[in-house]
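A structural walkthrough
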Amino acid sequence: MQITVNGRPKTVPDRLTLERLVADQGLAQTACAAEVNTILVPKAERDAHTLADGDIVELVTLVGGG
Amino acid sequence: MTTQIEAKPKTPDAPLTIHGRTFNSRLVTGTGKYADYETMQLALEASGCEVVTVAVRRERLVNQQGQSLLDFIDTDRYTILPNTAGCFTAQDAVRVARLGRELLDQLGNPGAGWVKLEVLGDKKTLLPDPVGTIEACAQLVADGFDVLCYTSDDPVCAQRIKDTGAASVMPAGSPIGSGQGVLNPNNIVLCLEALKRDDPDYPVIVDAGVGCASDVARAMELGTDGVLLNTAIAHAKDPVLMATAMRHACVAGRASHLAGRIEKKLYATASSPFEGAISFIPGE
């Protein structure tokens, strides 16, 4: 299926969980917040959250800012 | 023999308190725009700040050297204040605030649950959108956030934001990153009057526009409770030295405010008495 991750199209296996996607991006051990279709998915709920075709995922972290 | 007197100010000060969070430093320092993370870390240390602001952005966890911001901020030491910088709608600001809270929750940082709210109205001036700001503030307060709200120096808007439930109103001294200092001190004083009327401990922080240490001192002398700055340190020729200057300016400005300045007068008043002078004094 096709999803969008941080603005870029990405082909992923059907029924991929958000937890798996975060791990595949190499972000499992880092501070990272996830949003699917503009709704925040808390870290504890990522494993139960199955992604669907067309989902728009944002993975964010903290950067320098004022 | 010299008479020894203990130097103890008559006027006591209390720590900065924002909705139950207490800080000895009244300087809030940003973490953006530094040439490198090492300089940032040293500047934060030199500034004496206890609260640092950060931004929420798409995953870019490592820079070209393989470093991440969080590798250089001691999250046990600093309270992190996530911002909603770059948001031009209330909806986006609320989303970003929630993502920031999630990140700070993961880090176990006490900054989880508060936010520096920015809803911008114009990309060139980075002036706030007052309608979007109040709309986002209301949603975030309802969602349990302590909202520290960036706004213009308009006293009416500042009052509306406080009425919406913001934990602190943070009027800009001048546009973000402009280094122009406090352009309209009268408006800052009007904001202070409005916001602190019947609520003298309500925290008002000048956010944005500082260019140098005297700008910080001036803002504090007006009676603001703190100053939030970033560019003035990060882009100074020597950021660590400027951070030191900002630290002292903040303390000096606060003390000067509490001590109470003399009234300005048109004519001079001699500090040395004319009485007993052996010199010729006209008119005496």
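A quick note: this is a predicted structure, and the numbers were derived from the prediction, not measured.

With that settled, consider the overall build of chain B. Each helix and strand in chain B was counted, giving 8 helices and 10 strands. Principal axes of the C-alpha set define a box for chain B whose edges measure 75 × 45 × 35 Å. Pairs at least 24 residues apart make up 64% of the contacts formed inside chain B by residues separated by at least 6 positions.

Residues and elements named next belong to chain B. Membership of the largest hydrophobic core comes to 92 residues, with the highest contact counts inside it found for Leu117, Val147, Leu148, Cys149, Val216, Val227 and Met246. When residues in this core are grouped by element, the largest group, 8 residues, is from helix H2 (residues 90-107). In contact with Cys149, not counting residues within four places along its chain, are Leu117, Thr133, Cys137, Ile161, Ala166, Ser168, Val169 and Met170.

Next up on the list: the environment of Leu140 of chain B. Residue and element names in this part refer to chain B. Along the chain, the position of Leu140 falls in helix H3 (residues 130-142). On the basis of neighbour count, Leu140 is assigned to the buried category, with 26 C-beta atoms found within 10 Å. Sequence spacing of Leu140 and Val94 is 46 residues, and the spatial spacing of their C-alpha atoms is 6.5 Å.

Here we come to the interface of chain A and chain B. Between chain A and chain B, the contact holds 21 residues from the first and 29 residues from the second. Looking at the side of chain A that touches chain B, the elements with two or more residues in it are strand S3 (33-36) and strand S5 (56-64) of chain A. For the side of chain A that touches chain B, the leading source of residues is S5 of chain A, giving 7 residues. Looking at the side of chain A that touches chain B, its residues break down into 10 nonpolar, 8 polar and 3 charged.

Another aspect to go through is the sheet that holds strand S6 (residues 114-117) of chain B. Residue and element names in this part refer to chain B. In spatial order, the strands read S6-S7-S8; together these 3 strands make up an open sheet with parallel pairing. Each edge of the open sheet is held by one strand with a lone partner, namely S6 and strand S8 (168-171). Between one strand axis and the next, the sheet turns by 15° as a mean value, whatever way the strands run. Sheet topology places strand S7 (residues 146-151) next to S8; 4 bridges connect them, and they run parallel. In the sheet register, Thr151 faces S8, and the bridge partner there is Pro171.

Next up on the list: helix H4 (residues 155-164) of chain B. All names here are of chain B. For H4, the full list of buried residues reads Pro155, Cys157, Ala158, Ile161, Lys162 and Thr164. Buried residues along H4 sit in contact with H3, S7, S8 and helix H5 (185-196). A positive backbone phi angle near 110° is found at Gly165, which sits one or two residues after H4.

Moving on: the confidence of the model for chain A. Within chain A, residue pLDDT values average 95, and 100% of them lie at 70 or more. Looking at the elements of chain A, mean pLDDT is at its lowest for strand S2 (residues 8-11) of chain A, recorded as 94, and at its highest for strand S4 (residues 39-41) of chain A, recorded as 98.

This next bit is on H2 of chain B. If you check H2 of chain B, its first and last C-alpha atoms are 26 Å apart, about what 18 residues at 1.5 Å a residue would give, namely 26 Å. Most of H2 of chain B is tucked away: 13 of the 18 residues are buried.

Residues and elements named next belong to chain A. You will see that Arg15, though not glycine, has its phi angle at about 60°, which is positive. For Arg15, the location among the structural elements is in the loop between S2 and helix H1 (18-24). Residue Arg15 is classed as exposed on the basis of its C-beta count, with 10 C-beta atoms lying within 10 Å. Phi at Thr38 is positive, roughly 70°, even though this residue is not glycine. Relative to the helices and strands, Thr38 is located in the loop between S3 and S4.

All right, on to the packing of helix H6 (residues 213-221) of chain B against helix H8 (residues 239-259) of chain B then. All names here are of chain B. Close contact between H6 and H8 brings their axes to 7 Å; oriented N to C, the two are set at 25°. In terms of their interaxial angle, H6 and H8 are classed as roughly parallel. Handedness of the crossing formed by H6 with H8: right-handed. Taking contact as the criterion, the partners of Ala213, Ser214, Val216, Ala217, Arg218, Ala219, Met220 and Glu221 in H6 are, on H8, Ala245, Met246, Ala249, Cys250, Ala252, Gly253, Arg254, Ser256 and His257. Grouping the constituent residues of the contact of H6 with H8 by class yields 10 nonpolar, 4 polar and 3 charged.

Right, let's talk about the environment of Gly226 of chain B for a bit. All names here are of chain B. Relative to the helices and strands, Gly226 is located in strand S10 (residues 226-229). A C-alpha to C-alpha distance of 8.3 Å links Gly226 and Ser25, two positions 201 residues apart in sequence. Non-local contacts of Gly226, meaning those with residues more than four positions away in its chain, are made with Leu16, Arg26, Leu27, Val28, Pro203 and Ile205.

On to the packing of H3 of chain B against H4 of chain B. Residues and elements named next belong to chain B. Here H3 crosses H4 at 15°, and the two axes come no closer than 9 Å. Relative to H4, the element H3 is oriented roughly parallel. When you trace H3 past H4, the crossing you get is right-handed. Residue-level inspection shows Pro130, Thr133, Ile134, Cys137, Ala138 and Val141 of H3 in contact with H4, the latter providing Cys157, Arg160, Ile161 and Thr164. Of the residues contributing to the contact of H3 with H4, the split by class is 7 nonpolar, 2 polar and 1 charged.

This part covers the environment of Ala33 of chain A. Mapped onto the elements of the fold, Ala33 of chain A is located in strand S3. Judged by the 26 C-beta atoms lying within 10 Å of it, Ala33 of chain A is buried. Along the sequence, Ala33 of chain A and Thr50 of chain A sit 17 residues apart, while their C-alpha atoms lie 16 Å from each other. Excluding residues within four positions of it along the chain, Ala33 of chain A makes contact with Leu40 and Val60 of chain A together with Leu99, Glu102 and Leu103 of chain B.

Rules used throughout
Residues numbered from 1 in each chain as written. Chains lettered and ligands numbered in written order. Predicted model: local features only at pLDDT ≥ 70, side-chain atom pairs only at ≥ 80, totals over all residues. Helix = DSSP H or I, 4+ residues; strand = E, 2+ residues; numbered from the N terminus. Contact = placed C-beta atoms within 7 Å. Core = buried A, V, L, I, M, F, W, Y, C linked by C-beta atoms within 7 Å. Buried ≥ 20, exposed ≤ 12 C-beta atoms within 10 Å, placed from the backbone. Nonpolar A, V, L, I, M, F, W, Y, C, P; charged D, E, K, R; others polar. Pairing = 2+ DSSP bridges. Axes fitted to C-alpha atoms, helices over the stretch in contact; angles between N-to-C directions. pLDDT = per-residue confidence, 0-100. Expected span 1.5 Å × (residues − 1). Parallel < 35°, antiparallel > 145°, perpendicular 65-115°, else oblique. Left-handed = near helix turned anticlockwise from the far one by under 90°.

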